[in-house]
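Structure at a glance
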Amino acid sequence: MKSWYDYFHSNRSSRLILLLTIGMFIIITTAGSTSYVSSKSVLQGEVSEPQIHLLRLGMEAVNNSINTADQIGVNILLSKLTYQFLNPVSDMQQTEIAHLVEYLDNLTVSPAVEAVMIYDLVRQRIVGSTPYGYSSQLSNLFDTGWQSYIADLNPNRFTIVDRTKSSQFGTEQKIETITLFRPVVREDAIVGVIMVNVNKKKLFDKIFENYTSQTDASRFVIDSNNHIIYETNNRIQSQDGIASAISQNNKTYFDFSDDKETYLISQVSSDITGWKFVSIITQQRLLQKVSTIRNAVFGLSIISIIAGIIGIIITHYITFKPVRRIRHLLLGGQTHPTNLENRDLEDYLVKLTTDLSNVSSLVKHNRSELHAKYMHDLIAGRMSSWEMKDRWHRHFTDWTDQSLFTVLLSIDKYYQWTSSYNEEDQNLLWFAIKNVTEEIMGSHWRIALVERDLNLLLIVQKTEERQHIQLLKEDLSYLADTIHKLIHVEVSAAVGNEFGDYVNLRNSCLQAELALTYRLYQGYSSITLFSELVESEDNKTIDPLWKKDLLTCLEGGNEEIAFKLLDALKQFMKESLVSPVEAISFFQQLMDGLVSHFGEQGIAKLSILRRYNSFWFKTMHLDDIIQVFVQVYQESSQLSEQRSNSRDYLVVQQMVHYMKQHLHENIGVSEIADSVGLSKSSVNSIFKQEMNRTLYDYLTELRMHEIEAQLEGTDLKIADIAVKVGYQNENSLIRAFRKHRSITPGQFREMARKQQSSDSSTYIQ
């Protein structure tokens, strides 16, 4: 059973058929049950309606008789003779009592009224119609059963009691009667009682004697104490149970079942007597046809279940024909479960396809990383010719023998762009740039995208519709416009010379890097072809005196002279067509000199210098580079004016000197404050005021500067450099450097070495 349960649970088609079968069974059963209940309710209503009508007619007749008896009691109560009889201060004469008895006899003319009596509660005497007469002592009466009800009378209304009285011919003969008690109240006390005896048989027999029905109903009259007062045509065995059910249910009609039979009970209640008039009929014959319909519906439900099971068996017999063949093929191999059965086959195939999908997804996900690793190794020359060829054909199996281009796509003003977004947003924007590039360029060219340093490297192959390099330039121009329009990022692109073999890819990539540096003169969103560059034979170099003079202006505070020198330098570079590589290197050296000047003087770096990175100038136009230096001199001049004649300057200088001397130690604000004999709050306040930055930020910047120097000038491991600059371990240094420089120490060292190699080597034309 567990095996079949697991099979049905795991097999989709079996589960579907089983659910449909169960669903149909539930629908048919629910419809049958609903139909049975509704039909039963309708039939009960139709049968109960005439019964209730008859009961109400009988109830009205009984109420009329009771009202007549009560009216007799009221008339007696209002009679002068009654007042005289109950008057405690006077006695009636014998003749007056005779008149009272005669008066009472005249009131018993109604067929149902047997007798009327007046009971004097004070003198314990009674007078009544014939055969009671007058009695001064109750012990002389033949009927004294009514005395037990006197104590429970309600002084405000009449009370009806079903009782058995003794006959005047002997106490052993009992007569069933209905007695109506109406108390006589004087000064809030009952002084007497008027009693009207109604013949029980005459009261009810006439009412029900002509009530006949095909349903053969039994009828009852039940008082407020659940005692059956009257019954006729009684075929009911469970009378006590029915009386209890009627007392707990006030519905007009309802069901009642005992161990043998189910009954339909109809009832009405009298507001005058408080009695319930009840009609009870058996439902066996009444609901016989409805029960037949119910049984037919349930039988149909069972048939549907059987049909569903047969359908499952036939369906799976047909379905398993191809499945058995698949199982035979699987078992013909070597890698399969030895106990593979039909019901386990689906799970096994799902596992095989899932494993294949996972492997395919993993390969697709890592494809770009594999391409990047291959390109980096190929450009760096870290592969043999055989490995280069083998990996090329494995990575680009679907590429043709068409010629290739290398394209470098670079974000303009990159480090200003990174300062505008956090790292997560940068990754999202860079991902968007790659998607737009792949969509636009991939629609016309066969391409592969690889991230290289801060650029996007594209390996582009010609297609049948794209054969000319000018078409590539037009597509790149459209790509740059689209990126700027959609992502609000300006990009420039450079294209190396066309080549036909992967062996020449490294040279083409170097050509594209060289062409990209001409953004310095051509501006942003430029598309540069290496083949269109013309090298001038009389290219001039930048005299080192430019750097010396500009640094001298900074030391002397000659702002105006520095501005003139920068403007002259810009004109010279544009007119002389200075090599972009040499120009960028010059500006980097000049900026390093400015940074060193502030560090050596113990002066806080300017705001622009704190954001500076040595790779800034590679992605900037000449005008923006000159403007950066203009801003440096402007801020330096303003700082010099603010710091002149400062009394706290010497204290700050001492702190700067202490930090430089103990940079290799794990020092903090507490140690620096102790070195100048001040509190932590005081040194923080003084340093912030003088240097426009916190003491901790300045110490961090000193460490960053020292780390960059060690990365560029030495081969020390990151862990050793961390010790030299006061960090506890390598991870702490990496986190701090990445936070303040937006790249890791390893990336910085690699880029610095590439820059040094690029400055000292000759580019292949």
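The sections below set out a description of the structure shown in this document. Quick caveat, the model's predicted, so the values are computed rather than measured. (Residues numbered from 1 in each chain as written. Predicted model: local features only at pLDDT ≥ 70, side-chain atom pairs only at ≥ 80, totals over all residues. Heavy atoms only, no water.)

A surface patch of nonpolar side chains, about 470 Å² in accessible area, is lined by I302, I306, I310, I314 and I318. As for its placement among the helices and strands, I310 is situated in helix α7 (residues 288-331). (Patch = residues over 30% accessible without salt bridge, like charges linked within 9 Å, V, L, I, M, F, W, Y side chains within 5 Å. Areas by Shrake-Rupley, 256 points an atom, 1.4 Å probe, with all protein chains shown as cover. Salt bridge = Lys/Arg side-chain N within 4 Å of Asp/Glu carboxyl O. Helix = DSSP H or I, 4+ residues; strand = E, 2+ residues; numbered from the N terminus.)

Where helix α11 (residues 423-442) meets helix α12 (residues 469-487), the closest approach of the two axes is 10 Å, and the angle between their N-to-C directions is 140°. Between α11 and α12 lies a crossing of right-handed hand. Contacts from L429, A432, I433, V436, T437, I440 and M441 in α11 reach L472, D475, L476, Y478, L479, T482, I483 and I487 in α12. (Axes fitted to C-alpha atoms, helices over the stretch in contact; angles between N-to-C directions. Left-handed = near helix turned anticlockwise from the far one by under 90°. Contact = heavy atoms within 4.5 Å.)

Under the counting rule described, the total for this entry stands at 21 salt bridges. Notably, a salt bridge pairs R391 with D377, separated by 3.6 Å at the nearest N-O pair. With a gap of 14 residues between them, R391 in helix α9 (residues 385-395) and D377 in helix α8 (residues 342-380) connect regions that are remote in the sequence. Of the two residues, R391 and D377, both sit in the buried class. Between K434 and E451 there is a salt bridge whose closest N-O contact spans 2.8 Å. Here E451 lies in strand β13 (residues 446-452) and K434 lies in helix α11, a separation of 17 residues in the sequence. In this structure, a network of salt bridges that share partners links the residues D162, E176 and K200. (Buried < 20%, exposed > 50% of the residue type's maximum accessible area, 1.4 Å probe, protein only.)

Hydrogen bonds between backbone atoms are what pair the strands of a sheet, whose relative direction is either parallel or antiparallel. Pairing is mixed in the open sheet, where five strands are placed in the order β13-β14-β12-β15-β16. In the strand order of this sheet, the two ends are held by β13 and β16 (527-529), each with one partner. Strand-to-strand twist across the sheet, computed as the mean angle between neighbouring axes with direction ignored, equals 20°. Where strand β12 (residues 404-411) and strand β14 (residues 455-461) come together, seven bridges link them in antiparallel fashion. Along β14, the bridge assignment pairs T406 with I459. (Pairing = 2+ DSSP bridges.)

Turning next to the packing of aromatic side chains. Taken as a whole and judged by the stated rule, the model has 17 aromatic pairs. Plain terms: the ring middles of W392 and F396 are 4.5 Å apart, the flat faces sit at 40° to each other, and that makes the pair tilted. You can call W392 buried: its relative accessible area is 8%. With centroids separated by 5.7 Å and ring planes inclined at 35°, the aromatic side chains of F587 and F629 adopt a geometry described as tilted. With F587 in helix α17 (residues 580-600) and F629 in helix α19 (residues 622-643), the pair connects residues that are 42 residues apart, well separated along the chain. We note that F587, like F629, is buried. Three or more aromatic residues joined by ring pairs form one cluster here, namely F586, F587, F617 and F629. One residue, R157, lies across the ring of F158, its end atom 4.9 Å from the ring centre. (Phe/Tyr/Trp six-rings, centres within 6.5 Å; stacked < 30°, edge-to-face > 60°. Lys NZ or Arg CZ within 6 Å of the ring centre and 35° of its normal.)

Read across the sheet, five strands follow the order β8-β7-β11-β10-β9 without closing on themselves; strand pairing throughout is antiparallel. Both outer strands of the open sheet, β8 (228-232) and β9 (253-257), are each paired with one neighbouring strand and no more. When strand polarity is set aside, the average angle formed by the axes of neighbouring strands in this sheet is 25°. Note that strand β10 (residues 262-269) and strand β11 (residues 276-282) share seven bridges and pair antiparallel. By the bridge assignment for β11, S269 is matched with K276.

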